[in-house]
Each structure stands twice: as C-alpha cells, then as structure tokens.
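In case you want the letters, here they are:
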Amino acid sequence: MSVTHTLEADVLRRQDPELADILLGESDRQATTLQLVAAENFTSPAVLAALGSPLANKYAEGYPGARYHGGCEMVDVAERLAVERAKALFGAEHANVQSHSGSSAVLAAYAALLRPGDTVLALGLPYGGHLTHGSPANFSGRWFDFVGYGVDAETGLIDYDQVRTLARNHRPKAIVCGSIAYPRHIDYAFFRDIADEVGAYLIADAAHPMGLVAGGAAPNPVPYADVVCATTHKVLRGPRGGMILCGSDLAERIDRAVFPFTQGGAQMHTIAAKAVAFGEAATPAFAAYAHQVVANARMLAAGLAAEGLVVTTGGTDTHLITADPAPLGVDGRDARGRLAAAGMVLDCCALPHGDARGLRLGTAAVTTQGMGEGEMAWLAALLAGVLRGETESQKAREEVRELAGRFPPYPG
Ligand SMILES: Cc1ncc(COP(=O)(O)O)c(C=O)c1O
C-alpha cells in the first residue's frame, strides 16, 4: 500500500472505522487477486492524489472563463491544462473533459448531433455494442432508432460488407464504431468512407482502445471521426470519467451538449486527475506500457488457445481478449465464478456464435503491476487448470496471491 493510501486510511480509521475497513478490504482485494477485468487498471498515486484533493470542494458550472460560480481561478487553470493536454495527446482540435463517464460522453455526442427518432447504425449489443449503442434498457434505445451491424460468425471480425449494405439501406444520421468486447483494431478509414457516402456523422466510441492510442499502440480515430467519445479510465489509466474530442466546427455544439444540456457542475477534482493522467500518457514510459499491454494480451490469448479455449478472432490486437471456455467443459458464467474463487477476476461476455456466454479478459491492470509475457503464459496455464478441474481453486488462490505479492500495484 502506498504512503498516500496509508495516510488516508489513518484519517478515515479515526473518523469512520467502518468505512476505513471497507477501503482497506478493497485495497487488499486488489493487491492479492489478479484484476483481469478489461475495463480496469491501477491509476498512479498522483492521479489518486488529485482525486482526493480540495478541488473536490469546488463548484464550477460552465467552462473556464465563463463560470456560473465565483472562485474558479485555479480550477479554470486545471481544466484548461486538461483540455490542452488531451488535444496534444490525441491530435484533436477540440477536447471537452467534463463528461462524468463514458456513457455521459456518448449521451452528449448524440445530443449534439441527433434529434429523437433519428436512425443510428452501431454494432449490435450481442456482438459487443455498449448499452449506449441502442439497448432498450438505455436512453439510446428509447430515443433513437438503432440498426445493428454484426460480426462474422466464423471469424468474429466486423462484417464490413454488412455495415456498407445497412448504411446504404437505412441512411442513418450517425454511424457509431466502437465496442466493449472487440479485440481487433477498427478500420476507421472504412467507417469514414461509408459515413461520407450516406451523409452520416461518424462517432467513434473508443472507450476501450484510447489508452493504446495515447501510447501509439492502436490507430487513432481522431483524424477520421466527427466525434470521438472515450473513458479516461481503462488502459488510459486516469480517473473514472469521460471525454469528447472533435473538430473546431463541432466544438460549440459538443460543449453545450455536455453543459448545460446533459450535465451540471464539472467535477474539478476528476478533471485535475484527468490532466495528470494525460500528462503521464504523453511520456515514453507510457508508450512502452501500452505496447507491453498488447504484447501481454497476445501472449495470454495464445496461451488460452493452446489450452483449448476458443479465442474470438483467433487472437487480439489490443488489451482485450474474449474466449469461449466450452471445450474445457464449462460455460462462461460458471467459469467466471470458479476463476473468481481462485483469485482471477474477469467478466462474462456475449460470444459472436451461439447463445453461450464467454469470458472477457484484459491485460491493462496486470501490465501496470509490471507483469510481462512470462507471467501471462503462466496465467493461461493456471486458468485452464482451474477450469478443467485439475487445479483446486484454493491452491490456485495461493499461487495467485504469491504472484500478486511479487507485483504490488502500489509498491512502497
Ligand atoms: C465502448 C464503451 N462505451 C461506453 C462505455 C461507458 O463508460 P462508463 O462505464 O464510464 O459510463 C464503455 C465502458 O465500458 C465502453 O466500453
């Protein structure tokens, strides 16, 4: 546990021992199990320090230089810094860093570009579309007319021919590319082309790969999409939150769609933490990290395939892997439970073929801990041993604890 953690825990323990126990319990859980949830990572102590700073006290509706509250001199500087760093990092003309989450960013992008009832083409939910890509349980499915494209059942790759056909037939107002589970790079040039052909906006929901983009380990959607939405957590390793990038032509519409249309006061502690994370992501060390994340994911995917799991698309270009454990005699839901008992924490996900649930894993967090390809090969074997019933979960749990102990997320 880091010094910062210990001090915070001491303050909390004195004032609220009940909550302090929860905080310490969660720190212990994170440090003694393996975080393979593809959307998670360990932020730096500097990001945590900004999150826990007095900027959390400040109300700041509006934008730098045009706030509805007094006393915004310092937070204005923080927000301008976050915006400038985001623009430089991703080569964007405009950045809005106020979105409270990835979903809020997508909501604002739709609000800026669409009217209720408009048609939107996006990856269907069974193939890895996010809830904000037309789920009936989400505002998006209620307010817009979503048409879903899919992936090829055999290869698991986006069916670009189908995208073209659906775009020509439905003439959507916007096309969304981006996914919660697609392990391959997205062909942004293709999406730009078809969006131009049918007169649609192109929205890239790059929540997952944006950290890889920052580190030069994945293609950048910014030159292609009208609007790019992303989270600042996941591989990017910042605080939980969202951001929107776009050209100068859409800047005012995007800003107004975030505030006042869909949000109130900006969360200045989170915006400061985003600035810290963007600064970290611009370093050579982060580029090396992003490339190691991908190398680790490739090794883990190859290891899982060698153990008999069916890895979707046969591998990965990113931090993310989806796999069907059925050949080992277990479905995704059971597998997740067994692996959790063994200290390997990951998600279930839909698979491109059939109704069975698969597993979704990511290497962002374990790579931040310093693990490399050797550990990934070991992990694939342990994971498969647990699923086959060859390794008892208690024994695996001890091995995981030992490995995690050698790679503490917050050394010191
Ligand atoms: C593609 C995509 N869009 C949007 C989101 C939503 O982000 P949040 O959970 O911060 O609302 C996610 C989160 O995983 C995502 O993967």
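The protein chain carries the name Serine hydroxymethyltransferase in an unreviewed UniProt entry, which gives Streptomyces viridochromogenes as its organism. Regarding the protein chain, the UniProt comment filed under Cofactor (unreviewed entry) reads as follows: "pyridoxal 5'-phosphate". Listed under Sequence similarities (unreviewed entry) in UniProt, the entry text for the protein chain is "Belongs to the SHMT family."

Our focus in this paragraph is unusual backbone geometry. A cis geometry characterises the amide bond from Phe-259 onward to Pro-260, with omega recorded as 15°. In this fold, Pro-260 is placed in helix α10 (residues 248-262). For Arg-171, which is not glycine, the phi torsion reads 45° and is therefore positive. Within the element layout of this structure, Arg-171 appears in the loop between α7 (160-170) and β7 (174-177). Despite not being glycine, Arg-237 shows a phi value in the positive range, around 70°.

Residues in close proximity to the ligand include Ser-101, Gly-102, Ser-103, His-130, Ser-179, Ile-180, Asp-205, Ala-207, His-208, Thr-231, His-233 and Lys-234, which together make up its full environment. A distance of 2.7 Å is found between an oxygen atom of the ligand and a side-chain nitrogen or oxygen belonging to Ser-103. Within the side chain of Lys-234, a nitrogen or oxygen atom sits 3.0 Å from an oxygen atom of the ligand. Contact with the protein chains covers 86% of the free accessible surface of the ligand, which is 390 Å². In the shell around the ligand, the residues fall into two nonpolar, eight polar and two charged.

The next thing to look at is the UniProt feature "binding site: (6S)-5,6,7,8-tetrahydrofolate" (unreviewed entry) in the protein chain. UniProt records the feature "binding site: (6S)-5,6,7,8-tetrahydrofolate" (unreviewed entry) for Leu-125, Gly-129, His-130 and Leu-131 in the present numbering. Counting through the fold element by element, Leu-125 comes out in the loop between β5 (119-123) and α6 (139-143). In contact with Leu-125, other than residues within four places in its own chain, are His-130, Leu-131, His-133, Gly-134 and Ser-135. Inspection of the secondary structure assignment puts His-130 in the loop between β5 and α6. Not counting chain neighbours up to four residues away, the residues in contact with His-130 comprise Ser-103, Leu-125 and Ile-180. A distance of 2.8 Å separates a polar atom in the side chain of His-130 from a polar atom in the side chain of Thr-132.

Rules behind the numbers
- Residues numbered from 1 in each chain as written.
- Predicted model: local features only at pLDDT ≥ 70, side-chain atom pairs only at ≥ 80, totals over all residues.
- Heavy atoms only, no water.
- UniProt positions renumbered as here; feature names shortened; annotations may be inferred.
- Helix = DSSP H or I, 4+ residues; strand = E, 2+ residues; numbered from the N terminus.
- Near = heavy atom within 4 Å.
- Polar contact = N/O pair within 3.5 Å; in protein donor to acceptor, adjacent residues only side chain to side chain.
- Areas by Shrake-Rupley, 256 points an atom, 1.4 Å probe, with all protein chains shown as cover.
- Nonpolar A, V, L, I, M, F, W, Y, C, P; charged D, E, K, R; others polar.
- Contact = heavy atoms within 4.5 Å.

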